[in-house]
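# Structural description and commentary
These are the residues of each chain, in order.
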Amino acid sequence: MYYYSRKKKLTLMILGMLILLGSIRFGMALSNNRMLLTMDFCNDFTEVTQGAQETPGLDISGALCFNGCVVPYASVTNTFYISQDTAQDSWGGYFSTSPNCSVWFMIDGMWLQKSQAIASNHVFSILIQKDDKYRQANLVVSGLPVLALTETYGWENPQEMTLLAAKEEDCYEGACTFRMRGQTSAIYPKYGFKLNLCDEMFEPVKESLLGLRRDNDWILNPLYSDSTKIREKMAYQIWDEMQEYNQTENRSSNITYVELILNNTYWGIYGLQEPVDKKQLSMNETDIFYKKTDNTFPTMEEFAAVEDGQERISGFRIKYPKTEDIKAEDWMPLQRYVAEFYYDIGAPPEETEDLDTLTELVDFDNALDYKIFLSVVVGEDNILKNIDYCLRYENGKYKMYMVPWDLNVTFGDVMNFDVGADAQYNSGVIKANVDSREYITLYRADKERVEQALREKWQAYREDFLSDRHLREMAENAMKELSDSGAMLRDNERWPECNNSTDLTEIYEFIDGHMAHLDECYQKEE
């Protein structure tokens, strides 16, 4: 749409009329904005549809393009979705059309109020004409990237994917496969998905999406149970900042917000995530990666019976090496670990191993960090499960490192199985102080030394990334992204039972009250 067609001449005529009539502001906005200059405007769609037939059933998916990609389209609501950067005052990107299509945009004063149009979920009117047929449609502008996944017919064909972002360099179109994922989350109507990028022959394709690592393996987190949609993002950010502070490689995942259009239906806010795997943890070939899958743990008899290629045992699964490369001896380092930190949790103090012996099995600093992290977010769902165990081979010995995973039940939310395993805020957990099994065992081995190390870490963290101010800002920034984008309004329309809320009162209450409580717990004894 960069050529001066009959439509372009008509658009310029309309702009001239607007200026003559006093709408100088609108005309100047169009003349000074790249995106608006790629759009053909009209006052009345009848002006441009003479001789054409209105066809409600006309297939208009794929007709409109933005930043070089097909614009995601929700057929149920007849709505196209594009993405914009809410931090920029002017509109960015450019429109184009598929062959044999024309697109007209209704003149609308909200084109002059970008921030308000996006945040209020304003619906713009457009008209798409194919040959001698046309159909009107809606256009919504999101402040988040928009991801469209579409299933294709036939097992021999991969699915289709479009990631539409405010910047052209962040957009992506290609083939993919996707499937449902999750255990507890699978009971919710808003599913989580595992996404794999591939080519037409199903061969993996590695790409960096939205500034994240370059890979073919991705996760779409539905963020269904949290009414604020920010708790899990905050929890991952805290763990990541803790690792950055200590200059370690024990990173977990992170969340980048997107809006999902699944099979031409709007599905709401999702978290695009990197998986926690060998690459994320910078593991070597000699390392072993265990995942804690549930609250159970194996017996010594189970360990004695493991075989080559065995991927699972009660409560654990080996994620690395690959299944075909697993040897029975890969389970042996975990056997001693389980014996010390799971079976002997209630042993008399005189029967507990000394601290130096225990810290040959588990990294002391990592164990304290994990305890502090659980206490800060009240991660009660991450004590006996939702843990990734990275067993690193260091100085001729294996040493265990813990990494949290699946952090939706945090910051005051607790699971309520009386209402369908939903998460609800409970102010009672403000006074909680969560302990891991590893910390309890280390504490029993040398109370004074462990307490002193914990206090020192706590004081240093509180002066840095765990300050009340920083935690509040973290919550505010995440919520601002969701509010300014208009996504919370759309997600609430799609999933009204979630009772989405942009009110941070409960989050503030939790941060202020809970961190003060932990200060009392960890204060130095006089």
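Nothing here was measured: the structure is a model prediction, and the numbers come from that model. (Residues numbered from 1 in each chain as written. Predicted model: local features only at pLDDT ≥ 70, side-chain atom pairs only at ≥ 80, totals over all residues. Heavy atoms only, no water.)

## Side note on the sheet that holds strand E4 (residues 69–70)
Note the threshold: Being paired, for any two strands, means DSSP has found at least two bridges between them. Secondary structure is summarised from DSSP: a helix means a run of H or I of at least four residues, a strand means a run of E of at least two, and numbering begins at the N terminus for each.
Strands sit in the order E4-E3-E7 across an open sheet of three strands; the sheet is antiparallel. Unpaired on one side and paired on the other, E4 and strand E7 (95–97) mark the two borders of the sheet. As defined by bridge partners, strand E3 (residues 64–66) adjoins E4 across two bridges and the pair is classed as antiparallel. Each bridged residue has a counterpart across the sheet, and for cysteine 65 the counterpart in E4 is valine 70.

## A look at the layout of surface pockets
Empty space among the atoms becomes visible once a probe the size of a water molecule is rolled across them. Basically, it comes down to this: Only protein atoms enter the calculation, which uses a 1 Å grid: trapped sets of points that fit a 1.4 Å probe without letting it out are cavities, open sets showing protein on both sides within 12 Å along at least five of seven lines are pockets, and any residue with an atom within 4 Å of a point is a lining residue. Grid points are joined across faces, edges and corners, and a volume is the space filled by probe spheres set on the points. When residue character is reported, Ala, Val, Leu, Ile, Met, Phe, Trp, Tyr, Cys and Pro are called nonpolar, Asp, Glu, Lys and Arg charged, and the others, Gly included, polar.
Each pocket or cavity is described by its volume, and for the largest pocket that value is around 1,600 Å³. Around the largest pocket sit 48 residues that line it, and Arg181, Lys291, Arg317, Lys319 and Trp405 are the ones nearest its centre. For the lining of the largest pocket, the secondary-structure elements that each account for two or more residues are strand E13 (172–181), strand E14 (192–198), strand E17 (217–221), helix H5 (231–246), strand E20 (288–292), strand E22 (316–320) and strand E25 (413–416). If one sorts the elements of the lining of the largest pocket by residue count, E17 sits on top with four residues. Grouping the amino acids of the lining of the largest pocket by side-chain chemistry returns 17 nonpolar, 11 polar and 20 charged. When its volume is computed, the second largest pocket comes out at roughly 340 Å³. Lining the second largest pocket are 16 residues, with Gly143, Pro145, Asp170, Leu210 and Glu481 positioned closest to its centre.

## Observations regarding the sheet that holds E22
Pairing in this open sheet of five strands is antiparallel, and the strands run E21-E22-E20-E23-E24 from one edge to the other. Sheet topology places strand E21 (312–313) and strand E24 (397–404) at the edges, where each strand pairs with a single neighbour.

## Overview of the packing of aromatic side chains
The line we're drawing: Stacked, tilted and edge-to-face pairs are distinguished by plane angle, under 30 degrees for stacked and over 60 for edge-to-face with tilted covering the rest, among Phe, Tyr and Trp rings (Trp via its six-membered ring) whose centres lie within 6.5 Å. The cut-offs for exposure are 20% and 50% of the maximum accessible area for each residue type, with area from a 1.4 Å probe on protein chains only; residues under the lower value are buried, those over the upper are exposed, and the others partly exposed.
By the definition in use, this model includes 32 aromatic pairs. Ring plane angle 80° and centroid distance 6.3 Å describe the contact between phenylalanine 105 and tryptophan 111, whose orientation is recorded as edge-to-face. Each member of the pair, phenylalanine 105 together with tryptophan 111, is buried. Here the aromatic rings of tyrosine 224 and tryptophan 495 are separated by 6.0 Å at their centres, their planes lie at 85°, and the arrangement is edge-to-face. In this pair, tyrosine 224 sits in the loop between E17 and H5 while tryptophan 495 sits in the loop between helix H13 (487–494) and helix H14 (505–522), placing the two residues 271 residues apart along the sequence. Tyrosine 224 gets classed as buried once you look at its relative accessible area, which sits at 11%.

## Considerations on the pattern of salt bridges
Let me state the cut-off plainly: Here, a salt bridge means any side-chain nitrogen of Lys or Arg that lies within 4 Å of a carboxyl oxygen of Asp or Glu.
By the definition in use, this model includes 23 salt bridges. Here aspartate 217 and lysine 194 are joined by a salt bridge, their closest N and O atoms 2.6 Å apart. Taken together, the residues aspartate 217 in strand E17 and lysine 194 in strand E14 connect sequence positions 23 residues apart. Accessibility assignment for this pair places aspartate 217 and lysine 194 in one class, buried. With its nearest N and O atoms 3.1 Å apart, the salt bridge here joins aspartate 356 to arginine 449. Residue aspartate 356 is found in helix H8 (residues 355–358), and its partner arginine 449 is found in helix H11 (residues 447–462); the two are separated by 93 residues along the sequence. Of the residues examined, arginine 449 reaches a relative accessible area of 40% and is grouped as partly exposed.

## Observations regarding a negative patch on the surface
So the rule is basically this: Surface patches are drawn from residues lacking salt bridges whose relative accessible area is over 30%; two like charges belong together within 9 Å, two nonpolar side chains (Val, Leu, Ile, Met, Phe, Trp, Tyr) within 5 Å. Accessible areas in this description were obtained via Shrake-Rupley with a 1.4 Å probe; residue shielding takes into account the shown protein chains only. The charged-residue count follows a simple rule in which Lys and Arg add positive charge and Asp and Glu add negative charge, with His and chain termini not counted at all. The atoms used to mark charge sites are NZ of Lys, CZ of Arg, CG of Asp and CD of Glu.
Taken together, Glu160, Asp199, Glu200 and Glu203 make up a surface patch of like negative charges. Along the chain, glutamate 200 falls in the loop between E14 and strand E15 (207–208).

## Some remarks on the pairing of strand E11 (residues 146–150)
A regular strand places its side chains so that they alternate between the two faces of the sheet. Burial of E11 is extensive: four of the five residues sit out of reach of the surface. By the bridge criterion, five bridges tie E11 to strand E12 (residues 159–164) in an arrangement that is antiparallel. Residue pairing for E12: leucine 147 is matched across the bridge by leucine 163.

## Looking at the side chain of lysine 194
Selection criterion: Two N or O atoms form a polar contact when they lie within 3.5 Å of each other; inside protein one atom must be a possible hydrogen donor and the other a possible acceptor, and for residues adjacent in sequence the pair counts only when both atoms belong to side chains. In what follows, residue pairs with any heavy atoms lying within 4.5 Å of each other are defined as contacts.
Within the structure, lysine 194 has its side chain in polar contact with the side chain of aspartate 217 (distance 2.6 Å). Lysine 194 has contacts with Thr177, Phe178, Arg179, Arg181, Asp217 and Trp218, leaving out every residue within four places of it along the chain.

## Describing the nonpolar core
In plain terms, the rule: Nonpolar cores were defined as sets of buried Ala, Val, Leu, Ile, Met, Phe, Trp, Tyr and Cys residues, with membership established by side-chain atoms within 4.5 Å.
By size, the foremost hydrophobic cluster in this structure holds 86 residues, and its most contacted members are Ile230, Tyr290, Trp331, Tyr337 and Leu466. For isoleucine 230, the residues in contact, after removing those within four places along its chain, are Tyr257, Ala475, Ala478, Met479, Leu482, Leu504 and Ile507. Counting residues in each nonpolar core, the second largest holds 58 residues, with Trp111, Ile126, Trp267 and Cys498 among its members.

## Describing H14
What counts, and what does not: What a helix is expected to span follows from its residue count: subtract one and scale by 1.5 Å. Throughout, the arc means that of the directions going from the helix axis to the C-beta atoms.
With 18 residues, H14 should cover 26 Å at 1.5 Å per step; its first-to-last C-alpha distance of 26 Å lies within 8% of that length. Those residues of H14 not exposed but buried are Ile507, Phe510, Ile511, His514, Met515, His517, Leu518 and Tyr522. The arc that holds the buried residues of H14, viewed along the axis, is 160°, so those residues lie on one side.

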